[in-house]
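Structural overview
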Amino acid sequence: MDGKGLSTTTGRPTSTALHTAYPSRRTTANRIFAAIYASALLALFYHHTNNLLFHSTTFSSFFTSSSLLIADFVFAFMWLATQSFRMRPLYREEFPENLKRVLKKESDFPAIDVFICTADPYKEPPMGVVNTALSVMAYDYPAEKISVYVSDDGGSALTLFAIFEAAKFAGHWLPFCRKNDVVQRCPEAYFAANPSTTSETDKLKSLYESMKVRVENVVERGKVDDQYITDEQYHQGFAKWTDGFTRQDHPTVIQVVLDKSKDEDITGHQMPNLVYVSRKKSRTSAHNFKAGALNVLLRVSATMSNAPVILTLDCDTYSNDPQTPLRVLCYFSDHELQSKLGYVQFPQRFHGINKNDIYGCELKRLFRINPVGMDGMVGPNYVGTGCFFSRRAFFGGPSALVSPEIPELRPDNVVRKPIQSPEVLELAHLVAGCDYEKQAQWGYKIGVRYGSLVEDFFTGYRLQCEGWKSIFCNPEKAAFYGDAPISLVDVLNQNKRWSIGLYEVTFSKYCPLTFGSRYMGILMGLAYAHYSFWPIWSIPMAIYAFLPSLALLNGVSIFPKVSEPWFLLYLFLFLGGYGQDLLDFIIGEGTLKKWWNDQRIWMIRGLSCFWFGSIEYFLKSLGISTHGFNLTSKVVDQEQSKRYEQGVFDFGVESPMFVPMTMAAITNLVAFCLGLVVVLTGRESAFEGLFMQVLISGFGVFNSLPVYEAMITSSKSGIPTRTTLLSVVLSSVLFVAAFFALRK
């Protein structure tokens, strides 16, 4: 790995070090290249300004010059923001084996509260929640120090049933993992990778498969039949699901499924706490989506266990390394870091990604590359899962505690009563109520922050602005694995939702360029601005997708000729930008094919979800109703999965987001064919002036190959015929409009 072997101090860790850091060897080269590239950009803007002021004598020339200036300005701004990640990349390594010098006995280990969020048993299968919960309950960590809280924002009896089943299976699974020193502690992943070799494994697998059948049968039927309600705990748990119970309007449900003070596994060892929470919902009260659910878990867990360390997980993100908490303690146990360390973020990794990652779902820059750069400053952003927090970080800055409304919720409160005592349960139900936050500071000064659909990004950003630092922990063995969407429409819908949430941060008083730069410094402000301004990629993407091709179709040259010096400037900017991006991607353990697919999906996003996210945000700002929050489906369709494994783009359903990209594909193809005609007919002077436009159109055509395939295929993965016809009609209208606008 880049930077390994170069310590920030002596070049090698001491024998008692808990962790060490390694600066990247490319830092100096990054800074030199940034200075050269910035100079080239200044030259480009001189060229644009000169054209605009002295050569734009007609409407068409003014329009093309100003459009290219706007596109290149956005490109330059985003490039500048990206440089913040390259100024001081930092790699880290942990040494859990040295923890014994600071944590000498089990009682010294801090307690951990694990928050797992789910919201819909049909889009987020309960068996995924079960595997996530079991994988963290089986950590190499004192069981009595772990409390797992499952937030079910869908208020589904199906999810509670799955948690009951998980608790029963845990009594067998946890001792099996301890006895056999199992590394993969997610049952589904373990049994898939390890064929049964012993009678003990066969028996355990049979228990797991039986549980899986029961849970999936209940989900398929849509209710928990009486045959599955086998004891008093089940009767008590499902009693609140009455005829008037709906997911939008229901009372609080808190069910202690496992109690560490009472429950033991089959070998007599203590079990971790396992608690199901479905907060009270009312149609007349705001619930603030996932941020609201996490704040309820913060309060409920405070009344029951109040652990100083909190792990947040998505329902499909299972633990892949049982020693992950020990790596985290290498930082939280460091007295030099303790007072200001807000959270330790692990990269989000995905299982089931196809060979070449056709949808760019690994998001290497967001989860693997950029956090290394931020770690050399204040620390990485919070990405919503796989993150260990100090509970204290949710209650004001390191030197300014913001106290909650009741002392039982303070981060330093010690819970002395049993988790199932009437007083604890009564208070837990109170703080989970939908009206509890009225006239309180939750979501604004304490807890997970409200105000954006990307509550993870916004919360991490606000915590760092308050003075908290964070650390990026990226061990060779992945700490967590999650699911990624395997259809294009799911990818685009997810990114559209992110776009809206990012705009909510950008156009607020917390804009990273101003607020962030003031409280964290200009580099961190730019780093967060790189994310919050993501959707504006749609502007240059649209301009370069259409303008050069439309101008080419009308024989209008809008770029320098090949023989002119300015052509070399454009060539350097293109190759330099793409080359550095490719280098970052390869160093981040990517491949050339994955990089190509990643840059292609960025273009697709720029012509689809970023535009539609922008439109939806501005309509929402004007008070015009738009669609609400949509979950990304984690249900796997077998046919869809097969196409994904084969590397076939799956359009499948009708979506307006497919229209702009299809129009761009058509426009670039027609323009590129015309450019080839110019080449073949030998009109050298015309070709020299139009060469860059032919090049850009060809680049667009090459990136659009999956779109062309989807337009002509008759399979389920193809673009619907109506979408294709609409795109053809709109492209024709665009051609006619360009003919009148661009012709001299």
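Up top you'll find the structure we're talking about.
Residues numbered from 1 in each chain as written. Predicted model: local features only at pLDDT ≥ 70, side-chain atom pairs only at ≥ 80, totals over all residues. Heavy atoms only, no water.

**Let's talk about the overall build of the chain**
- Across its full length, the chain holds 25 helices and 14 strands.
- The C-alpha radius of gyration of the chain comes to 28 Å, within 12% of the 27 Å expected for a compact globule of 744 residues.
- Once the C-alpha set of the chain is aligned to its principal axes, its extents read approximately 85 × 60 × 60 Å.
- Sorting the 744 residues of the chain into buried and exposed places 59% on the buried side.
- When contacts within the chain are restricted to residue pairs at least 6 apart in sequence, those whose partners lie at least 24 apart make up 81%.
- Only carbon and sulfur atoms are counted for the fraction: they give 59% of the accessible area of the chain, which is about 31,400 Å².
- For the chain, the separation between the mean place of its 70 positive charges and that of its 68 negative charges on side chains is 5 Å. (Helix = DSSP H or I, 4+ residues; strand = E, 2+ residues; numbered from the N terminus. Rg over C-alpha atoms; globule rule 2.2 N^0.38 Å. Buried < 20%, exposed > 50% of the residue type's maximum accessible area, 1.4 Å probe, protein only. Contact = heavy atoms within 4.5 Å. Areas by Shrake-Rupley, 256 points an atom, 1.4 Å probe, with all protein chains shown as cover. Lys, Arg positive; Asp, Glu negative; His and termini not counted. Charge placed at Lys NZ, Arg CZ, Asp CG, Glu CD.)

**A closer look at the environment of Arg178**
- Relative to the elements of secondary structure, Arg178 occurs in helix α4 (residues 157-180).
- Expressed as a C-alpha distance, the spacing of Arg178 and Leu592, which sit 414 residues apart in the sequence, is 41 Å.
- Once residues lying within four places of it in the same chain are set aside, the contact partners of Arg178 are Asp265, Thr267 and His269.

**Quick look at the pattern of salt bridges**
- Enumeration over the complete set of coordinates arrives at 31 salt bridges.
- When the shortest N-O distance is used, the salt bridge between Asp435 and Lys438 registers 3.5 Å.
- Salt bridges here are not isolated pairs; linked through shared partners, they connect Arg26, Arg86 and Asp584. (Salt bridge = Lys/Arg side-chain N within 4 Å of Asp/Glu carboxyl O.)

**Regarding the sheet that holds strand β10 (residues 387-390)**
- Read from one edge of the open sheet, 8 strands run β5-β6-β4-β3-β7-β10-β9-β13, paired in mixed fashion. Both edges of this open sheet fall to β5 (253-258) and β13 (469-472), since each of them pairs with a single strand only. For this sheet, the mean angle separating the axes of adjacent strands, direction not counted, is 20°.
- Note: strand β4 (residues 146-152) against strand β6 (residues 273-278), 5 bridges, orientation parallel. Counterpart to Ser151 in the pairing with β6 is Val277. (Pairing = 2+ DSSP bridges. Axes fitted to C-alpha atoms, helices over the stretch in contact; angles between N-to-C directions.)

**So, the nonpolar core**
- If you look at the biggest cluster of nonpolar residues, it comprises 135 residues, and the most contacted ones within it are Val300, Met304, Tyr359, Tyr461, Trp534 and Phe651.
- Discounting residues that sit within four places of it in the chain, Trp534 has contacts with Met78, Leu366, Trp498, Leu502, Trp602 and Phe610.
- If you look at the next biggest cluster of nonpolar residues, it comprises 74 residues, including Leu18, Met271, Tyr276 and Cys315. (Core = buried A, V, L, I, M, F, W, Y, C linked by side-chain atoms within 4.5 Å.)

**Quick word on the packing of aromatic side chains**
- Tallying each qualifying case throughout the model produces 71 aromatic pairs.
- Where Tyr343 meets Tyr382, the ring centres are 6.3 Å apart and the plane angle is 55°; that geometry is what we call tilted. One end of the pair, Tyr343, is in strand β9 (residues 341-345); the other, Tyr382, is in the loop between α11 (364-375) and β10, and 39 residues separate them in sequence. As far as burial versus exposure is concerned, Tyr343 and Tyr382 are alike and both buried.
- Cation over ring: Arg299 sits above Trp442, and NZ or CZ is 4.9 Å from the ring centre.
- For the cation-ring pair, Arg605 lies above Trp602, with the distance from its terminal atom to the ring centre recorded as 5.1 Å. (Phe/Tyr/Trp six-rings, centres within 6.5 Å; stacked < 30°, edge-to-face > 60°. Lys NZ or Arg CZ within 6 Å of the ring centre and 35° of its normal.)

**Considering unusual backbone geometry**
- In this structure, Asp181 is a non-glycine residue whose phi angle is positive, near 50°.
- Along the polypeptide, Asp181 turns up in the loop between α4 and α5 (187-193).
- Using a relative accessible area of 56% as the deciding quantity, one classes Asp181 as exposed.
- The backbone of Gln439 shows a phi angle near 65°, a positive value even though the residue is not glycine.
- Secondary-structure assignment places Gln439 in the loop between α12 (422-431) and α13 (455-465).

**Some details on the packing of helix α2 (residues 59-83) against helix α16 (residues 522-532)**
- Two elements in contact, α2 and α16, have axes whose closest approach is 7 Å; the angle formed by their N-to-C orientations is 130°. With respect to each other, α2 and α16 are oriented oblique. For the crossing formed where α2 meets α16, the hand is left-handed. On α16, the residues that touch Phe77, Met78, Leu80, Ala81 and Thr82 of α2 are Leu526, Ala527, Ala529 and His530.
- Considering only residue class, the contact of α2 with α16 consists of 7 nonpolar, 2 polar and no charged. (Parallel < 35°, antiparallel > 145°, perpendicular 65-115°, else oblique. Left-handed = near helix turned anticlockwise from the far one by under 90°. Nonpolar A, V, L, I, M, F, W, Y, C, P; charged D, E, K, R; others polar.)

**Some remarks on the pairing of strand β2 (residues 90-94)**
- The buried fraction of β2 is high, at 4 of 5 residues.
- Sheet topology places strand β1 (residues 19-23) next to β2; 5 bridges connect them, and they run antiparallel. Along β2, the bridge assignment pairs His19 with Glu94.

**Observations regarding helix α19 (residues 592-606)**
- Under the 1.5 Å per step criterion, the end-to-end length of α19 is 21 Å for 15 residues, consistent within 8% with the ideal 21 Å.
- Counting buried positions along α19 yields 12 of 15 residues, so the element is predominantly enclosed.
- Along α19, the residues that are buried comprise Lys594, Trp595, Asn597, Asp598, Gln599, Arg600, Ile601, Trp602, Met603, Ile604, Arg605 and Gly606. (Expected span 1.5 Å × (residues − 1).)

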